[in-house]
Amino acid sequence: MELREVVVRRRMVRSFTEDPVPREAVDRVLEHAVRAPSAGFSQGWAFLVLDAPDDVARFWAATTPPSRAAAPDRWLLGMRRAPVVVVPLARESAYRERYAEPDKARGGEPQEPRERWAVPYWYVDAGMASLLMLLTAVDEGLGACFFGVPASRVAALRAEFGVPDDHEPVGAIAIGHPAADQAVRGSGGRRRRRPVEEVVHRGGW
Ligand SMILES: Cc1cc2nc3c(=O)[nH]c(=O)nc-3n(C[C@H](O)[C@H](O)[C@H](O)COP(=O)(O)O)c2cc1C
């Protein structure tokens, strides 16, 4: 598929069929994730891949607030059918370590990444990798949705899968075959896409 077509076709898919996702497609998604750019080439990311039905079920059990699990809405019913969930994680300490190396420690910049950078690059980089995974899913003829893990459920997610303390889940990506019914459109169905002229400030504000 042409890049342009992949970009335009990519919309978040929130309802999946139960058809399995070929292992090669998941592997390609992950191979592309690690092609993402990263600050200082720190690559402070990790990917928890859940592609066995029991593991996916454990993911939803850990991350769904009990009240919502008791009465699943259409979003949850559609998303839970996705055969694959990838949790991208960011590790701040990778950036701290990388930027203490001789080629980065020059120049009198503060050594604390949080002081050195205007924004936390570990989240930026996990986002870059996440977008490559979303685009690769489309290129593989699949659909995907990046979604948030409720803050109140992150501890349960960590405990369930033994996530080390220094790794922070930035969200999750459901991957599978899109169902014909995409009635749950999320915010994208209620808001307009802001046009280029509105968001671009060419040459200044
Ligand atoms: C950081 C981030 C968090 C998101 N969280 C959710 C979420 O929790 N649930 C959901 O259904 N969609 C979520 N989305 C998807 C957005 O709603 C979607 O990208 C937006 O409405 C634009 O639609 P499109 O991606 O289909 O073009 C998230 C997207 C991003 C980038």
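Refer to the structure presented above.
Scope of this entry: the structure provided in the associated data block.

Rules used in this analysis
Residues numbered from 1 in each chain as written. Predicted model: local features only at pLDDT ≥ 70, side-chain atom pairs only at ≥ 80, totals over all residues. Heavy atoms only, no water. Patch = residues over 30% accessible without salt bridge, like charges linked within 9 Å, V, L, I, M, F, W, Y side chains within 5 Å. Areas by Shrake-Rupley, 256 points an atom, 1.4 Å probe, with all protein chains shown as cover. Salt bridge = Lys/Arg side-chain N within 4 Å of Asp/Glu carboxyl O. Helix = DSSP H or I, 4+ residues; strand = E, 2+ residues; numbered from the N terminus. Near = heavy atom within 4 Å. Polar contact = N/O pair within 3.5 Å; in protein donor to acceptor, adjacent residues only side chain to side chain. Nonpolar A, V, L, I, M, F, W, Y, C, P; charged D, E, K, R; others polar. Buried < 20%, exposed > 50% of the residue type's maximum accessible area, 1.4 Å probe, protein only. Contact = heavy atoms within 4.5 Å. Axes fitted to C-alpha atoms, helices over the stretch in contact; angles between N-to-C directions. Parallel < 35°, antiparallel > 145°, perpendicular 65-115°, else oblique. Left-handed = near helix turned anticlockwise from the far one by under 90°. Core = buried A, V, L, I, M, F, W, Y, C linked by side-chain atoms within 4.5 Å.

## Section: a nonpolar patch on the surface
- There is a patch of nonpolar side chains on the surface, built from V119, Y121, V124 and M128 and spanning about 290 Å² of accessible area.
- By the secondary structure assignment, V119 is in the loop between α8 (113-116) and α9 (121-139).

## Here we look at the site of the ligand
- Taken together, R10, R11, M12, R14, W75, F146, F147, G148, S187, G188 and R193 make up the full set of residues adjacent to the ligand.
- In the model, an oxygen atom of the ligand is placed 2.8 Å from a nitrogen or oxygen of the R11 side chain.
- Take G148: an N or O atom from its main chain is 3.0 Å from an oxygen atom of the ligand.
- Burial of the ligand by the protein chains amounts to 61% of its free accessible area of 610 Å².
- Split by residue class, the shell around the ligand holds four nonpolar, three polar and four charged.

## A few points about the pattern of salt bridges
- Summed over all chains, the structure comprises 12 salt bridges.
- For R58, the salt bridge goes to D55, with nearest N and O atoms at 2.8 Å. With R58 and D55 both in helix α3 (residues 53-63) and three residues apart, this pair spans about one turn of that helix.
- Note on R58: relative accessible area 30%, which makes it partly exposed.
- Between R192 and E198 there is a salt bridge, and its shortest N-O distance comes to 2.6 Å.
- By relative accessible area, which is 30% here, E198 ends up partly exposed.
- Each member of the salt-bridge network shares a partner with another, and the members are D55, R58 and E160.

## Considering the pairing of strand β5 (residues 172-176)
- The buried fraction of β5 amounts to five of the five residues, a majority that puts the element mostly inside the structure.
- Judged by which residues are buried, β5 turns out to be covered on both faces: A172, A174 and G176 on one side and I173 and I175 on the other are all buried.

## Things to note about the environment of A172
- Positionally, A172 belongs in strand β5.
- Through-space distance from the C-alpha of A172 to that of A144 is 10 Å; in sequence the pair is 28 residues apart.
- Here A172 is in contact with F59, V85, V86, V87, P88, C145, F146, F147 and V149, once residues within four sequence places are set aside.

## As for the side chain of S130
- By secondary structure assignment, the location of S130 is in helix α9.
- S130 sits in the buried class, given a relative accessible area of 2%.

## Here's the deal with the packing of α3 against helix α10 (residues 154-161)
- Close contact between α3 and α10 brings their axes to 8 Å; oriented N to C, the two are set at 150°. Judged by the inter-axis angle, α3 sits roughly antiparallel to α10. Read as a crossing pair, α3 and α10 show a hand that is right-handed. Contact residues: α3 offers D55, R58, F59, A62 and T63, while α10 offers A156, L157, E160 and F161.
- Residues of the contact of α3 with α10, tallied by class, amount to five nonpolar, one polar and three charged.

## A few points about the nonpolar core
- In terms of nonpolar packing, the biggest core is built from 23 residues, with F59, W60, M79, V85, V87 and F147 touching the most fellow members.
- Only β1 (45-50), α3, α5 (74-80), β2 (84-90), β3 (143-147), α10 and β5 provide two or more residues apiece to this core.
- Ranked by size, the runner-up nonpolar core spans 17 residues in total, among them A33, A137, A144 and I175.

## Things to note about the environment of P102
- Turning to its location among the elements, P102 is positioned in helix α7 (residues 102-105).
- Taking relative accessible area as the criterion, P102 reaches 68% and is therefore assigned exposed.
- Through-space distance from the C-alpha of P102 to that of G171 is 33 Å; in sequence the pair is 69 residues apart.

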